[in-house]
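# Geometric and topological summary
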Amino acid sequence: MTQTASASPEDVTAVEIHGRLPLLFLLGSSLLWLVLGGLLALVAGIQLHAPGFLAGCPVLSHGRAEALAESALVYGWLANAGLGLSLWILGRLGGEPLRAANWVGVGALFWNAALLYGICLVAVDGATAIPLAELPRGAQILMVFAYAAIGVGGVLAWTGRRRPAMYASQWYAVAALFLFPWLSCAAQALLVWSPARGVLQAVVAGWYGQGVWTLWLAPLTLAAAYYVVPKSTGKSLPAYEFAPLGFWCLLFVGAWTGGRHLIGGPVPAWIGSIAIVACFLILFHYVIVGLNLRGAFAGGSAALRLVSLGLLAYLLGGLVAAVTSLHGISEVTQFTYFDEAERQLAFAGAASLTFFGAIYYAVPRLTGRPWAWSGLVRLHVGLAILGTLLLVVALAGAGLAQGSDLNNPAFSFAMIAADTRGWLLAASAGQALLLFGNFLLLVNFIKSTACPFYAGDRVAQSLRPAGASA
Amino acid sequence: MRNGAILFLGLFAALALSWAGIVVGSSDQLGRLAPYYDEGEGASFPAGFPGIAVRGEQVYRDLNCASCHTQQVRRAGYGNDEARGWGTRQSVARDYIFQPAAQLGAARIGPDLANLGQRKVDREGLLRLLYSGRGAMPAYAFLFEKERIQGQLSSHALDVSGVEPGWQVVATPRAEALVSYLLSLSSPYDYPEAKAAASAGEEKK
């Protein structure tokens, strides 16, 4: 990958001019969902150490608050941000103005409207109790169509690219665009439209839950990381010839790792055994990603620092999944807060931090202006890093305490609650820091995008022929 | 990588392979599981769910109780579920064939509920627990109604403290259904596959 560094905020190309509104809409709505989801996650987190908190309110009773927070953060924040960034990257690397921008805009509108409708229904009527598929089926099917409409822009940018060769960012972005609708349809068919019988539902839900990460959100994360790192450092990626192997390893092995959560459960034992093998096989993917992107750790801009920490969380997540799949360890960590820590390491650590970095990199190029308040950028970066660290470490600590207590019948549930209380308080503090930081990011984003984009357009039209800098 | 068609086919193959392996594979193994007929007892197991329990399962799902409770007993030697009194054997797939949506759960912030019906719990106690909560379990007071006593105290009135004189707390149909569902959770029968799994676990130890 031989891309040159281009860090000037006036680096506005035809991609930005044609796709500016839908792309900024995707990023803006992602940040709104991020703040709303953070608020719900904070409520659910506080309820773990103060069970009476808002318990009288059916809409925010603990189970529903968890389902609402998860849906808002995954389908609101991560999906919108990942899609917006991937489309922008596909457009830039394709070297042509973004086509089908109207499709992207309409799709984005419907995606967010369907999500809002689904979230309201969960709040009023209740969840489906299927992890990562908590929304009612009407909303889910609408979201698949909306996703397809958004995807049109990305697929056209990919098929209409100027150079036949493809960069790693493009493989990962295209993979995420195609795989999510297939994955979602296959899972919905067996979970909500014609539910499979008995524990088969849990197997399908496990396959889907893992797929959401390995076949959709992880590729979106890597698409952003593989773009921002070489662009920010100005260096080509080391060991780049291995990148295709890392890509195919993630796709072919990743979906099989989900069974580690079902080890010891009433499902065929081979599901767990294959998952353990897959968890170790896929370490190969993590090694390659680490080798390729190690330049990120050299430090630099705020964007690069965030991406490097996201990358660190990504690599650590792969290692933790492998270690906790082993029987001796999963005996303690299974069904505890440790699982939640692992999920947060992926969603809040790897994906969110990388997306923050990529947003800090992309928005000045979309608006043609630097961020409105650079002080808020520094503050948000600090809060995001501290909050994520506190959240993940505290949940892991709570999980280990809870796991060893659970396996000792002498410990009652009241004693377990007392043992984990301190950790859970720390986790809530982490959520609060994240919420405050993310609110600052939202304010900064609104201020940075609120004015018309004259400056950027003028610069783009006077300095650059369309599509020249991709 | 230059060829878009290869990328596209590769993506499809990656998803289809994992789907075929995990979903179709386990469907092939579990899809035709039938109740087990015990000639000695002259009955088949597991028994079906009563209608009110099916409605209760819907309440369990609506409130996402599975975010804190599992319904699966792990085998002896893997965790300590039996010592906690959650069941006498590992849960097997056949236990769930009549459940509209198996609520295996993935977190044990509260106890496992797979065999709650076999434990020393009664309807009244469960309703009281739901109404007032205890320890880490929040109160679900919105599943109950406070009403003025008309003449005699209702036979369904809940015996809880802190209710003003002249008023009584009565469970809504949702709370009644939920408790019926919870009390119906019980898989006492020792299927052949459960025995085989238990002896395999013993050998490993």
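Nothing here was measured: the structure is a model prediction, and the numbers come from that model. Counting restarts for each chain, with residues numbered from 1 along the sequence as it is written. Numbering of ligands from 1 and lettering of chains from A proceed in the order in which they are written. pLDDT decides what is reported in this predicted model: residues at 70 or higher carry local features, side-chain atom pairs at 80 or more are listed and counted, and totals for whole chains, interfaces and linings draw on all residues regardless.

Turning our attention to the overall build of chain B. When its secondary structure is counted, chain B shows five helices and four strands. Seen in sequence order, chain B has helices and strands lined up from the N terminus as α-β-β-α-α-β-β-α-α. Rg of the C-alpha trace for chain B: 22 Å, well past the compact-globule value of 17 Å for 205 residues, more than 25% over. In terms of its C-alpha atoms, chain B occupies a principal-axis envelope of roughly 80 × 55 × 30 Å. Counting other C-beta atoms within 10 Å of a residue's own tells you its class, since 20 or more makes it buried, 12 or fewer makes it exposed, and anything in between is partly exposed; those C-beta atoms are placed from the backbone. Per-residue burial over chain B gives 37% buried out of 205 residues. Strands here are runs of E lasting at least two residues and helices are runs of H or I lasting at least four, both read from the DSSP assignment and numbered beginning at the N terminus. Here the globule rule reads 2.2 Å times residues to the power 0.38, and the radius of gyration is calculated from C-alpha atoms.

When two helices pack together, their arrangement is given by the angle between the helix axes and the distance between those axes. For helices, the axis comes from a line fit to the C-alpha atoms of the stretch in contact; other axes are also lines fit to C-alpha atoms, and the angle between any two N-to-C directions lies between 0 and 180 degrees. Contact geometry for helix α5 (residues 168-193) of chain A and helix α1 (residues 4-30) of chain B: axes closest at 10 Å, N-to-C directions at 30 degrees. Of the two possible hands of crossing, α5(A) and α1(B) adopt the one that is right-handed. On α1(B), the residues that touch W171(A), V174(A), A175(A), F178(A), L179(A), W182(A), L183(A), A186(A) and L190(A) of α5(A) are L7(B), F8(B), L11(B), L15(B), W19(B) and V23(B). Class assignment of the residues belonging to the contact of α5(A) with α1(B) gives a composition of 15 nonpolar, no polar and no charged. Left-handed describes a crossing whose near helix is turned anticlockwise from the far helix through less than a right angle; right-handed describes the clockwise counterpart. Any residue pair is listed as a contact if its two C-beta atoms, each placed from the backbone, are within 7 Å. Classes in brief: Ala, Val, Leu, Ile, Met, Phe, Trp, Tyr, Cys and Pro nonpolar; Asp, Glu, Lys and Arg charged; the others, Gly included, polar.

Three- or four-residue spacings in an α-helix give side chains the same orientation, since the helix completes a turn every 3.6 residues. Helix length check: helix α2 (residues 51-62) of chain B (12 residues) gives 17 Å between terminal C-alpha atoms against 16 Å at 1.5 Å per residue, within 8%. Where α2(B) is concerned, the buried positions are A53(B), G56(B), E57(B), V59(B), Y60(B) and D62(B). At its buried positions, α2(B) is contacted by α3 (101-125) of chain A together with α4 (173-184) of chain B. Residue N64(B) follows α2(B) closely and has a positive phi angle near 55 degrees. An expected span of 1.5 Å times one less than the residue number is assigned to each helix.

We now examine the environment of H261(A). For H261(A), the position within the fold is in the loop between α7 (243-254) and α8 (269-281). On the neighbour-count criterion, H261(A) (26 C-beta atoms within 10 Å) is buried. Taking the C-alpha atoms as reference points, H261(A) and R20(A), 241 residues apart in sequence, are found 41 Å from one another. For H261(A), the contacting residues outside a window of four places in its chain are G206(A), D339(A) and A106(B).

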